[in-house]
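Structural overview for review
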Amino acid sequence: MGRKSIHSGVSAVGSDRIQFDFEFDGVRYRPTLKRIPSEANLKRACKQLLEIKQRIAVGAFVFPEEFPDYRFIKNVEPPQKRRTCDQVFDEFLLGCDSRVAKKDLAFVTAEGYRKLLAQIWRPEIGPRIFDEIRYSELAKIANAYQWSKKTYNNAISVVRCAFDYGYRDHPEKHNPASGLNCLRMTKKDRPAVAPFTIQEAESLIARLHADWGEAIGNFDEFRFFTGLRPSEQIALLVTDYNAPRAVLSVTKARVLRRDKDRTKTQEDRHIELCPRALEVLRRHLALRDEYVAAGKIRHEHLFFLEDGRPISDPEITRRRWSESIKALNIQRRGPYHARHSSVTWQLMLGKNLLWVAKQHGHSVEVMLRMYAAWLDGATDADIHAIKQAMEKRPTARAAYLDSRIEFSALNAVKNHVKQIVICPPKSPEPASRLAIGKAGTTLSSGNDLEKKWRRGWDSNPRAGITRPSDFESAPL
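All values reported here derive from a predicted model rather than from experimental measurement.

Our next topic: helix α4 (residues 107-125). Taking 1.5 Å of rise per residue, 19 residues should cover 27 Å, and α4 covers 25 Å from first to last C-alpha, within 8% of that figure. Taken as a whole, α4 carries its principal kink of about 45° at Ala118. Listed in full, the buried residues belonging to α4 are Phe107, Val108, Ala110, Glu111, Gly112, Tyr113, Leu116, Leu117, Ile120, Trp121, Arg122 and Ile125. Here the buried face of α4 lies against α3 (85-101), α5 (135-143), α6 (149-166), β8 (253-255) and β9 (258-260).

Take a look at the structure:
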């Protein structure tokens, strides 16, 4: 018998051989090398064994090269290529790109996956062997960040999807990411709706027209009276407007400067335009004809910038909106609040709940949960003002036109020219809190509103809603 060695994994066999003991691809091997088992040789063998284990860990160990004289070399399975997390992430993203090409996945979703993996998970576990990652490591990385619930859920979702993809090759192994749970979004986690009053909206519309001209003014005025999502409005073509029926077809959206052939809810809808929206659209089409005649427009997009270019991203008009609203003594809110205002106004007028939900592209449940609280305080004066604004009445438009002239004159006296620097967006389709001002209501600051994401607000089935029967419904 050979004498025992104090060196772990290395021992003497006889007087002229040293034995190594290690595990490779789930199998234990004990090959030997012809070497006198002196103390110095045993120390060198320990160092060699450590290097062998390191190469095994990274998938670089080749058994025949290390032990060419091993007598059972024919029984040694060829080494399995062990993938790193980076390799699995790359394969997962290629699969996402393939789904985008087949229109099975939204481009913005794939880009969101790519950014989250690059910013959070690759720096932490990218070079590591994929099947050596443990649940506790993933949880520690996720918990190290001070995230909102929504951001935390997004980060957890992408790593779970990537690990599910990687472990399909190893169904016999446990997927550590399956233990990661998303946080529950409660009612308190969702910002309250605060729509514009009709008076605030008219002041802002007048200011936008005066500050930026008819092209941008029409764009923002139109969204107040149609409730279009920004991504839907910038994707509209001239052919989407059916003049004889006074209907606008909403079948597509533009996100991250790319067009997609479906809306956020993946359902096409036809918007019945109110008289005010029709007036804005006719005025805008006349302006567009002037641009076409002057050679400034060579595209089919319905809305455009002041120089004739199509609006490539909602963030471009947001900057103009922010500049104008700062000049007014009203609650600062982002452009998406024009949509919230449109829904609230329709409900205040007593329109059919199902019709309002269908017009704006969401469910009755979502609509009641988000906007119902604003109906109880509607006065007769509020309703009358909204009706006047939505109808094409000279009396209702006179004050608006006078205010536009006043703002324009003020800008001319100050000789103030506004300039906007257009920058590419930093994140997919940013948005803001739901907001509309009612007299005597205290609201959060505008800075807080700008930090919120619209995405996911209408996705909580647990939030309480008010029954449709609680509201008076009137025929269309």
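Past the structure itself, the notes keep going.
Bringing the pairing of strand β1 (residues 10-13) into the picture now. Burial along β1 is one-sided: the face carrying Val10 and Ala12 is buried and the face carrying Ser11 and Val13 is not. For β1 and strand β2 (residues 17-20), the ladder comprises four bridges, and the chain directions are antiparallel. Across the sheet, residue Ala12 finds its bridge partner in β2, namely Ile18. Between β1 and β2, which pair antiparallel and follow one another directly, the connecting turn spans three residues, one of which, Gly14, has a positive phi of 70°.

Further remarks concern the environment of Val10. Structurally, Val10 can be placed in strand β1. Val10 sits in the buried class, given a relative accessible area of 3%.

With that settled, consider the packing of aromatic side chains. For the coordinates displayed, the defined rule picks out 25 aromatic pairs. Judged by centre distance (6.1 Å) and plane angle (75°), the rings of Phe196 and Trp321 are edge-to-face. Of the two residues, Phe196 sits in the loop between α6 and α7 (198-212) while Trp321 sits in helix α11 (residues 314-326), which places them 125 residues apart along the sequence. Pair check on accessibility: Phe196 and Trp321 agree, each one buried. When the ring of Phe222 is compared with that of Phe303, the centres are 5.4 Å apart and the planes differ by 45°; the resulting orientation is tilted. Taken together, the positions of Phe222 in helix α8 (residues 214-224) and Phe303 in the loop between α10 (275-293) and α11 put the pair 81 residues apart, joining distant regions of the chain. Its relative accessible area of 1% is what places Phe303 among the buried residues. Members of the aromatic cluster, each reached through a chain of ring pairs, are Phe20, Phe22, Phe24, Tyr29, Phe63, Phe67, Tyr70 and Phe72. Looking at Arg258, its charged tip hangs above the ring of Phe107, at a distance of 3.7 Å from the centre. For the cation-ring pair, Lys296 lies above Tyr291, with the distance from its terminal atom to the ring centre recorded as 5.1 Å.

Right, let's talk about α7 for a bit. Counted at 1.5 Å a residue, the expected span for α7 with its 15 residues is 21 Å, and the 21 Å between its end C-alpha atoms agrees. When you tally the buried positions in α7, you get 13 out of 15 residues, the bulk of the element. Gly213 occupies a position one or two residues after α7 and carries a positive phi of about 95°.

Another point: the confidence of the model for the protein. Here the protein shows a mean pLDDT of 79. Residues at 70 or above account for 78%. Residue range residues 1-5 is modelled with pLDDT below 50. Its contacts to residues more than four positions away, or to other chains, number eight contacts. Predicted confidence is poor over residues 412-417, with pLDDT under 50, and the contacts of this stretch with residues over four places away or in other chains come to one contact.

Right, let's talk about the side chain of Arg254 for a bit. Considering the arrangement of structural elements, one finds Arg254 in strand β8. Of the residues examined, Arg254 reaches a relative accessible area of 11% and is grouped as buried. There is a polar contact of 2.8 Å between the side chain of Arg254 and the side chain of Asp259. Filtering out sequence-adjacent residues up to four positions away, Arg254 remains in contact with Ser231, Ile234, Ala235, Asp259, His301, Ile311 and Ser312.

Let us look at the sheet that holds strand β10 (residues 269-272). Within the open sheet, the three strands sit side by side as β6-β7-β10. Their pairing is antiparallel. Of all the strands in the sheet, just β6 (241-242) and β10 have a single pairing partner and so form its edges. Strand direction decides the pairing type here: strand β7 (residues 247-250) and β10, joined by four bridges, are antiparallel. Within β10, the position partnered with Val247 by the bridge is Glu272.

If you trace the three strands from one edge of the open sheet to the other, you get β1-β2-β5, paired in antiparallel fashion. The open sheet has two free edges, formed respectively by β1 and β5 (32-34), since each of these has just one partner strand. On average, each strand axis in the sheet is tilted by 30° relative to the strand beside it, whichever way the strands run. Examined bridge by bridge, β2 and β5 share three bridges and lie antiparallel to one another. Counted as the bridge partner of Gln19 is Thr32 from β5.

Leaving glycine out, the prevailing phi sign among residues is negative, and the prevailing peptide bond configuration is trans. Of note in the backbone geometry, Ala246 takes a positive phi value of approximately 55° without being a glycine. Tracing the backbone through its elements, the reader meets Ala246 in the loop between β6 and β7. One non-glycine residue, Gln266, lies in the positive phi region at around 65°. Relative to the helices and strands, Gln266 is located in the loop between β9 and β10.

Below, the discussion takes up the environment of Val364. Summarising the element assignment, Val364 is placed in helix α14 (residues 364-371). Residues Val364 and Leu353, spaced eleven residues apart in sequence, show a C-alpha to C-alpha distance of 6.6 Å.

What follows is about the packing of α3 against α4. Orientation of α3 relative to α4, taken along the N-to-C sense of each, is 175°, at an axis distance of 10 Å. On the basis of their axis angle, the class for α3 and α4 is roughly antiparallel. In contact with Cys85, Asp86, Phe89, Asp90, Phe92, Leu93, Cys96, Asp97 and Val100 of α3, α4 contributes Phe107, Ala110, Tyr113, Arg114, Leu117, Trp121, Arg122 and Ile125. Of the residues assigned to the contact of α3 with α4, the class counts are twelve nonpolar, no polar and five charged.

Further remarks concern the nonpolar core. Phe222, Phe224, Phe225 and Leu273 are the most contacted members of the largest nonpolar core, which has 44 residues in total. At the level of secondary structure, the elements contributing two or more residues to this core comprise α7, α8, β7, α10, α11, α12 (337-348) and α15 (380-390). A per-element tally of this core places α7 first, with six residues. Other than its neighbours up to four places away in sequence, Phe225 contacts Ile198, Ile205, Cys274, Arg276, Ala277, Ser342, Trp345, Ala389 and Met390.

About the criteria used
- Residues numbered from 1 in each chain as written.
- Predicted model: local features only at pLDDT ≥ 70, side-chain atom pairs only at ≥ 80, totals over all residues.
- Heavy atoms only, no water.
- Helix = DSSP H or I, 4+ residues; strand = E, 2+ residues; numbered from the N terminus.
- Expected span 1.5 Å × (residues − 1).
- Bend = angle between axes of the 7 residues up to and from the residue.
- Buried < 20%, exposed > 50% of the residue type's maximum accessible area, 1.4 Å probe, protein only.
- Contact = heavy atoms within 4.5 Å.
- Pairing = 2+ DSSP bridges.
- Phe/Tyr/Trp six-rings, centres within 6.5 Å; stacked < 30°, edge-to-face > 60°.
- Lys NZ or Arg CZ within 6 Å of the ring centre and 35° of its normal.
- pLDDT = per-residue confidence, 0-100.
- Polar contact = N/O pair within 3.5 Å; in protein donor to acceptor, adjacent residues only side chain to side chain.
- Axes fitted to C-alpha atoms, helices over the stretch in contact; angles between N-to-C directions.
- Parallel < 35°, antiparallel > 145°, perpendicular 65-115°, else oblique.
- Nonpolar A, V, L, I, M, F, W, Y, C, P; charged D, E, K, R; others polar.
- Core = buried A, V, L, I, M, F, W, Y, C linked by side-chain atoms within 4.5 Å.

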